[in-house]
Amino acid sequence: MTDTIDTPTTASTASNDRDELYIGGRWVVPHSTARLEVHSPATGERIGSAPDGDAEDIDAAVRAARAAYESGVWSRTTPAERAGVLRRVADIIEERISSIAAVVSGEMGAGEGDIATLQQLPGTGVLRAYADAIENEIAWVEHRTGLFGTTRVEREPIGVVGAITAWNVPLYLACNKLGPSLAAGCSVVLKPAPETPLSAYIVAEIFAEAGLPEGVLSVVSGGVETGKALVDHPDVDKITFTGSTRAGKQIGAACGEQLKSCQLELGGKSAAIVLEDANIDEIAGMLAFYGLFNTGQACVAQTRILIPRSRHDEIVSAVAAAAEAMAPGPVLGPIITEKQRDKVEDYIRLGKEAGATAVVDGGRPEGLDAGYYLAPTVFADVTNDMRIAQEEIFGPVLAIIDYDSVDEAVDIANDSEYGLAGAIYSADVERAIAIAGRIRTGTLGINWYAIDPGSPFGGYKNSGVGRENGREGVESYLETKSIILPMGYEPAV
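Everything numeric in this text was worked out from a predicted model, so none of it was measured. (Residues numbered from 1 in each chain as written. Predicted model: local features only at pLDDT ≥ 70, side-chain atom pairs only at ≥ 80, totals over all residues. Heavy atoms only, no water.)

## A word on the overall build of the protein chain
Step number 1: Of the regular secondary structure elements, the protein chain holds 15 helices and 22 strands.
Step number 2: Along the longest, intermediate and shortest principal axes, the C-alpha atoms of the protein chain span 70 × 60 × 40 Å.
Step number 3: Buried positions account for 57% of the 493 residues belonging to the protein chain.
Step number 4: By sequence separation, contacts in the protein chain at least 24 residues apart represent 72% of the contacts at least 6 residues apart. (Helix = DSSP H or I, 4+ residues; strand = E, 2+ residues; numbered from the N terminus. Buried < 20%, exposed > 50% of the residue type's maximum accessible area, 1.4 Å probe, protein only. Contact = heavy atoms within 4.5 Å.)

Here is the structure:
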């Protein structure tokens, strides 16, 4: 049996060594004795640890979530009540971002400025957008007139949600899994990435402080087997996953076998298309940034830059200069692990062997030997059949590809197994919008890029299944129920 600690909202340790799991809103001694050791990718130093939960720990969390769901303590609250909790969580995150950022930075290496921009701002943004959606945009009850008279259509939470997150933006991903599922009225078991488990427990504590009832949320840290136990648990109604396409396919197959709902936010190899009329002096910095931010460790990174052949030298020179200015340490953080850095270096070698020209040949920077740093690499003379143009590298590597016509640029952009993000740069916004309609990808920016918290986000093809953010993000955690009313009956409301 799992033993309960009588501290419902405060961990039993004030350090970054978590000895308990957060199950059903209470800190409990795990069944598993295995541990996750957390090391900073910036320094290699140990910064903390967390339990490596097993199937019995997952079962305890799911049972707590099911009991809370069936009790109605959260699932039968009003949208306004749920929205209030989400907004309070956003407020608390903003108030405590310095201390939260210190933990997140230790886990995944990003600087506090990047955490504020890439995690806190969108994280609190989606929480508030979900709150607005459930109060103002979703029809929880409606009546339709059909063949047999009036039907009452109700929307209700899907049930118990298993949420599995990646390591690259852990604060944002925790907010963007818990936000919509809790907004819908579900109970949730969150399994954070083994590289970044510590920040997830902080977020859980904040939800409890903001008024989330006990039992509704659990956090069980662990690795692959922990996630598999969550996916396979028969009392989980939906899995939401952010991570690699390879893992997403396995999760999707397992959910399909169980006829269990799943939502998958997976990889990308997005293209930024520069049209002939674009002002390169104005956009070079953005082209480099949107491909290299978070050290390229972003599913939406636009690592393929498509440029008109007639402007090859000018654009390559400008992008190279902008990339060189994004120095490791002061601007770019480390790669998450030594193994991942080795993988990125292998791709750089493959690019050179395939005939691409490294106009910026990054490599390991001097003076940062303790961490897993890589300076940006920019390849020119890339063809879209090269592995560096087709495969998600998840590191600071850009591939510049020439095209001769807009039709060819569209074909190159679409010649990918992915379809998550992208951008089009042009002085003619209406023309760029028309071209955007031809790109098979879930989100696009015109002359920049951003993920809007109030608008749907997700991918085509191998970039995933389903949508997050805004009304659509909440709706994916709802079931619809039709209640056929007696013929001739007119509902009062």
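## Regarding empty space enclosed by the protein
Gaps between atoms show up when a probe of the same size as a water molecule is rolled over them.
Step number 1: Following the criterion strictly, the structure yields four cavities of 30 Å³ or more and no others.
Step number 2: Forming the walls of the largest cavity are 19 residues, and the residues nearest its centre are Arg304, Ala413, Ala421, Ile439 and Thr441.
Step number 3: The set of elements that each furnish at least two residues to the lining of the largest cavity consists of strand 12 (271–274), helix 13 (406–414), strand 17 (418–419) and strand 18 (422–425).
Step number 4: Among the residues forming the lining of the largest cavity, the class breakdown is nine nonpolar, six polar and four charged.
Step number 5: Forming the walls of the second largest cavity are Gly268, Lys269, Gly296, Ala298, Cys299, Ala301, Thr303, Glu392, Ile393, Phe394, Gly395 and Val397. (1 Å grid on protein atoms, 1.4 Å probe; cavity = no way out; pocket = protein on both sides within 12 Å on 5 of 7 lines; lining within 4 Å. Points joined across faces, edges and corners; volume = space filled by probe spheres on them. Nonpolar A, V, L, I, M, F, W, Y, C, P; charged D, E, K, R; others polar.)

## Overview of the nonpolar core
Across soluble globular proteins, nonpolar side chains have a tendency to be buried as a group.
Step number 1: Counting 90 residues, the largest nonpolar core has Phe207 and Val474 as the members making the most contacts within it.
Step number 2: With 10 residues, helix 6 (residues 198–210) is the single largest residue contributor to this core.
Step number 3: The residues contacting Val474, other than those within four sequence positions of it, are Tyr130, Ala133, Ile134, Ile138, Pro180, Ala183 and Ala184.
Step number 4: Grouped together as the second largest cluster of nonpolar side chains are 38 residues, Val300, Ile315, Leu332 and Ala380 included. (Core = buried A, V, L, I, M, F, W, Y, C linked by side-chain atoms within 4.5 Å.)

## Some points on the sheet that holds strand 6 (residues 149–157)
Step number 1: Spatial strand order, 5-6-22: three strands in an open sheet with antiparallel pairing. The open sheet is flanked by strand 5 (141–146) and strand 22 (478–484), the only strands paired with a single partner. Adjacent strand axes in the sheet meet at a mean angle of 30 degrees, parallel and antiparallel pairs treated alike.
Step number 2: In terms of strand pairing, strand 6 meets strand 22 through seven bridges, oriented antiparallel. Across the sheet, Arg155 pairs through a bridge with Thr480, a residue of strand 22. (Pairing = 2+ DSSP bridges. Axes fitted to C-alpha atoms, helices over the stretch in contact; angles between N-to-C directions.)

## Here we look at the pairing of strand 11 (residues 261–265)
Step number 1: By the bridge criterion, five bridges tie strand 10 (residues 238–242) to strand 11 in an arrangement that is parallel. The partner of Phe241 across the bridge, within strand 11, is Leu264.
Step number 2: Strand direction decides the pairing type here: strand 11 and strand 21 (residues 464–465), joined by two bridges, are antiparallel. Its bridge partner being in strand 21, Leu264 is matched across the sheet by Val465.

## Considering the packing of aromatic side chains
Step number 1: Counted according to the given criterion, the structure contains six aromatic pairs.
Step number 2: Among the aromatic side chains, those forming a connected cluster through ring pairs are Phe289, Tyr290, Phe293 and Tyr449.
Step number 3: A cation over an aromatic ring shows up here: Arg82 above the ring of Trp140, its NZ or CZ 5.2 Å from the ring centre.
Step number 4: Stacked on the ring of Tyr477, the Lys or Arg Lys238 has its end atom at 4.0 Å from the ring centre. (Phe/Tyr/Trp six-rings, centres within 6.5 Å; stacked < 30°, edge-to-face > 60°. Lys NZ or Arg CZ within 6 Å of the ring centre and 35° of its normal.)

## Some thoughts on the environment of Gly252
Step number 1: Along the polypeptide, Gly252 turns up in helix 8 (residues 245–258).
Step number 2: When the C-alpha atoms of Gly252 and Ile158 are compared, they prove to be 18 Å apart, with 94 residues separating the residues in sequence.
Step number 3: Beyond its immediate chain neighbours, meaning those up to four positions away, Gly252 contacts Cys262 and Leu264.

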